[in-house]
Amino acid sequence: MKNPSAVALAPRPRPKPWLQFFKSSLVPRLYQQARSVFRDQGTNRPRGMNPRRLLNAVSAKLEQRMVRLKPSAWPVTALIEPTNICNLRCPLCPTGEKRPGRKKGMMEWAVFQKLVDELGPCLWDVELDNWGESLLHEQLPEMIAYLKRYGIHVALSSNLVLAKPEILRNLITSGLDH
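Residues numbered from 1 in each chain as written. Predicted model: local features only at pLDDT ≥ 70, side-chain atom pairs only at ≥ 80, totals over all residues. Heavy atoms only, no water.

## With respect to the sheet that holds strand S2 (residues 125–127)
Working step 1: Strand order in the open sheet made by the three strands is S1-S2-S3, with parallel pairing throughout. On the outer flanks of this sheet lie strand S1 (77–79) and strand S3 (153–155), each paired with one strand and no other. Strand-to-strand twist across the sheet, computed as the mean angle between neighbouring axes with direction ignored, equals 15°.
Working step 2: Inspection of the sheet shows S2 paired to S3 by three bridges, in the parallel sense. Following the sheet pairing, Glu 127 is matched in S3 by Ala 155. (Pairing = 2+ DSSP bridges. Helix = DSSP H or I, 4+ residues; strand = E, 2+ residues; numbered from the N terminus. Axes fitted to C-alpha atoms, helices over the stretch in contact; angles between N-to-C directions.)

The following block contains the structure:
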């Protein structure tokens, strides 16, 4: 009979720190967020989530935690301003006060299309507002529908002064999420 202390045990493989970090709660949380964001309202099934988008989100989160000054990941959210013109004159708003600054205008369709074509495969969320009233842009429903082709969650904030039944119907049918 062999001596039990003489039996050589194979050394246990040492865990790799990067693998432990990758298996930490970061990836499951991003996956759960992606599942909740990319849900089809009608079927409640995931939509628009692809490996490139998920990998980019993980990369962006890692770079954020590492505080990289020049990140290599693409943005996962974007704020696109269809117009910087507003129909109101709110006293606390720089746009409403007509302060000098940026030139007023509407975003051209070609510029919007180029921006979405470049960022679309990596974006999760887009908000279509900022200093202007988005409902003033005539192509707003087309912009929303174009973003939805990439499976992007689209949100909009408006003062709703221009909200007529036809405009609201077009926004709903274009696929606006919030």
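## Examining the confidence of the model for the protein
Detailed reading of the predicted coordinates is not advisable wherever pLDDT falls low.
Working step 1: Looking at the protein, the pLDDT average stands at 79 and 70% of residues meet or exceed 70.
Working step 2: Helix H1 (residues 17–22) is the least confidently modelled element of the protein, averaging 56 in pLDDT, while helix H4 (residues 109–119) averages 95, the highest of any element. (pLDDT = per-residue confidence, 0-100.)

## Digging into the environment of Thr 173
Working step 1: By secondary structure assignment, the location of Thr 173 is in helix H6 (residues 165–174).
Working step 2: Thr 173 sits 32 residues away from Pro 141 along the chain, and the two C-alpha atoms are 8.2 Å apart.

## Some thoughts on the packing of H4 against helix H5 (residues 140–149)
Working step 1: At a minimum axis distance of 11 Å, the contact between H4 and H5 shows a crossing angle of 15°. By the angle between their directions, the pair H4 and H5 is classed as roughly parallel. Where H4 crosses over H5, the handedness of that crossing is right-handed. Packed against H4, whose contacting residues are Trp 109, Phe 112, Gln 113, Val 116 and Asp 117, the element H5 presents Glu 142, Met 143, Tyr 146 and Leu 147 at the interface.
Working step 2: Taken together, the residues of the contact of H4 with H5 sort by class into six nonpolar, one polar and two charged. (Parallel < 35°, antiparallel > 145°, perpendicular 65-115°, else oblique. Left-handed = near helix turned anticlockwise from the far one by under 90°. Contact = heavy atoms within 4.5 Å. Nonpolar A, V, L, I, M, F, W, Y, C, P; charged D, E, K, R; others polar.)

## Focus on the side chain of Arg 53
Working step 1: Summarising the element assignment, Arg 53 is placed in helix H3 (residues 51–65).
Working step 2: This buried residue, Arg 53, is left without a salt bridge; Asp 125 holds the nearest opposite charge, at 9.2 Å.
Working step 3: Engagement of the side chain of Arg 53 in a polar contact is seen with the backbone oxygen of Tyr 150, the distance being 2.7 Å. (Buried < 20%, exposed > 50% of the residue type's maximum accessible area, 1.4 Å probe, protein only. Lys, Arg positive; Asp, Glu negative; His and termini not counted. Salt bridge = Lys/Arg side-chain N within 4 Å of Asp/Glu carboxyl O. Polar contact = N/O pair within 3.5 Å; in protein donor to acceptor, adjacent residues only side chain to side chain.)

## What to know about the nonpolar core
Working step 1: Within the largest apolar cluster, 19 residues are counted, with the highest numbers of intra-cluster contacts made by Ile 80, Phe 112, Val 126, Leu 128, Leu 140 and Leu 147.
Working step 2: Elements supplying a minimum of two residues to this core: H4 and H5.
Working step 3: Sorting elements by how many residues they give to this core places H5 first, with five residues.
Working step 4: If we ignore the near neighbours within four places in the chain, the residues touching Ile 80 are Met 107, Phe 112, Leu 115, Val 126, Glu 127, Leu 128 and Asp 129. (Core = buried A, V, L, I, M, F, W, Y, C linked by side-chain atoms within 4.5 Å.)

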